[in-house]
Amino acid sequence: MRALPLALIAALLAAGALTACDDTTKTPGGAVNPPSPEPGPPKPDDAPVDGGAEQPSSEPVPPSPDPAVQPSEPPVPSPATFQHNPAGALPTGQGAGYLDRTVWSPTMCWPLAEAGFANSQVYGPGGGMGPAGKPSQCDTLNYSLPWRDNFCEARSRSNPLCAGAGTGHQGQDIRPASCKKNEHWAVAAEAGTVTDIGTYTVTLVAKAAPHYTYRYLHMQMATLAVKEGDKVMAGQKLGKVSNDFGGTPTTIHLHFEMRAGVAGATTDGKPIALHTFLPPYLSLAQAYQRKLDGKTCGN
Ligand SMILES: [Zn+2]
């Protein structure tokens, strides 16, 4: 068959007669719906639960340094290959997953200096809604692959991106490399400024557009490596993963959040206001894969 002239190919592409490429993982610059979302088991009748309430909505979130600046087109990252469940795939009875597949922060650093295990500190062993017969938070299940998403698991926290009543979790729970508190460092996901230190929260606003706000919860607050106003480099140590929760301790884990620095929309069409909680799971998975591959991060 004769090769099609370039002009004809371009015309066919424009008319939608040809598909140029396909990818189920999109960056914020490529707003395309995934061809086959991987829904978690829908449980619309789940009562929101919160066996380990973590973040008061009253915690201050500072304004972004320059919300008018639009992000430059990010690179398209390669998919993570280490063992992890798909984004939004939640175990039965733990809430509905979220279908958006955007890698919101495609170049961020893995926010721990060492390995970590993304799962649920509430529904995992030792959690408030954990499995019967597994009372220890140090159970190997919590410190093993595969990872799993818990952004929209059934919790009582406000989260307009989650299905149903707009409640869920607001970030991702990550166990550190071992079940030992005050040992494993959490590090800056991006270069930026430490804008707030709360009772058990550290807030980092990224210097680069779109100025994501990252929040780190439950570090050992008495021994933080940073203070309010500090400018940090990507990958710089912030504090050690612990169980600080103001009063009664939570489990040993890092609760990691990402909030929008500019308004926009998700790939499935939901509006995003400034400071909306964004699902961090895929950004974390890709950052972790880059770390496993020995790639440096930051700037
Ligand atoms: Zn959490």
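Please read all numbers here as calculations on a predicted model, not as lab measurements.

This next bit is on empty space enclosed by the protein. Rolling a probe over the atoms, with the probe sized like a water molecule, indicates the empty space that remains. Scanning the entire structure with this criterion turns up 1 cavity of 30 Å³ or more. As a volume, the largest cavity reaches approximately 70 Å³. Ala87, Gly88, Tyr98, Asp100, Arg101, Thr102, Asp149, Phe151, Cys152, Pro279, Tyr281 and Leu282 are the residues that line the largest cavity. Of the residues that constitute the lining of the largest cavity, the class distribution is 7 nonpolar, 2 polar and 3 charged.

Moving on to unusual backbone geometry. Backbone torsion omega between leucine 145 and proline 146 reads 0°, so that peptide bond is classified as cis. Mapped onto the fold, proline 146 is located in the loop between strand E1 (117-119) and strand E2 (157-158). One non-glycine residue, asparagine 182, lies in the positive phi region at around 60°. With respect to the element layout, asparagine 182 can be found in the loop between strand E4 (172-175) and strand E5 (185-187).

Glancing now at the state of the cysteines. Here, the word disulfide means a covalent bond between the sulfur atoms of two cysteines. The tally for this structure, following the rule as stated, stands at 3 disulfides. At a sulfur-sulfur separation of 2.0 Å, the disulfide partner of cysteine 138 is cysteine 179. Given an S-S torsion of about -60°, the disulfide between cysteine 138 and cysteine 179 has left-handed geometry. With cysteine 138 in the loop between E1 and E2 and cysteine 179 in the loop between E4 and E5, the pair connects residues that are 41 residues apart, well separated along the chain. Given a relative accessible area of 22%, cysteine 179 falls into the partly exposed group. Paired through a disulfide, cysteine 152 and cysteine 162 show a sulfur-sulfur distance of 2.0 Å. Every disulfide takes its handedness from the sign of the S-S torsion; for cysteine 152 and cysteine 162 that torsion is -95°, giving left-handed. One end of the pair, cysteine 152, is in the loop between E1 and E2; the other, cysteine 162, is in the loop between E2 and strand E3 (167-168), and 10 residues separate them in sequence. The two residues cysteine 152 and cysteine 162 agree in class, both being buried. Counting only the cysteines that take part in disulfides, in the order they occur along the protein chain, gives the pairing 1-6, 2-5, 3-4.

Next up on the list: the pattern of salt bridges. This structure, assessed with the given rule, holds 6 salt bridges. Of the charged contacts, one joins lysine 134 and aspartate 139 as a salt bridge, the two residues approaching to 3.7 Å between their closest N and O atoms. The exposure class of aspartate 139 is buried, given its relative accessible area of 16%. A salt bridge links lysine 180 to glutamate 183, with the shortest nitrogen-to-oxygen separation between them at 3.5 Å. In this structure lysine 180 comes out as partly exposed when scored by relative accessible area, which is 47%. A relative accessible area of 37% places glutamate 183 in the partly exposed class. Among the charged side chains, a network of salt bridges with common partners joins Glu153, Arg155 and Asp173.

Rules of the game
Residues numbered from 1 in each chain as written. Predicted model: local features only at pLDDT ≥ 70, side-chain atom pairs only at ≥ 80, totals over all residues. Heavy atoms only, no water. 1 Å grid on protein atoms, 1.4 Å probe; cavity = no way out; pocket = protein on both sides within 12 Å on 5 of 7 lines; lining within 4 Å. Points joined across faces, edges and corners; volume = space filled by probe spheres on them. Nonpolar A, V, L, I, M, F, W, Y, C, P; charged D, E, K, R; others polar. Helix = DSSP H or I, 4+ residues; strand = E, 2+ residues; numbered from the N terminus. Disulfide = S-S within 2.5 Å. Buried < 20%, exposed > 50% of the residue type's maximum accessible area, 1.4 Å probe, protein only. Salt bridge = Lys/Arg side-chain N within 4 Å of Asp/Glu carboxyl O.

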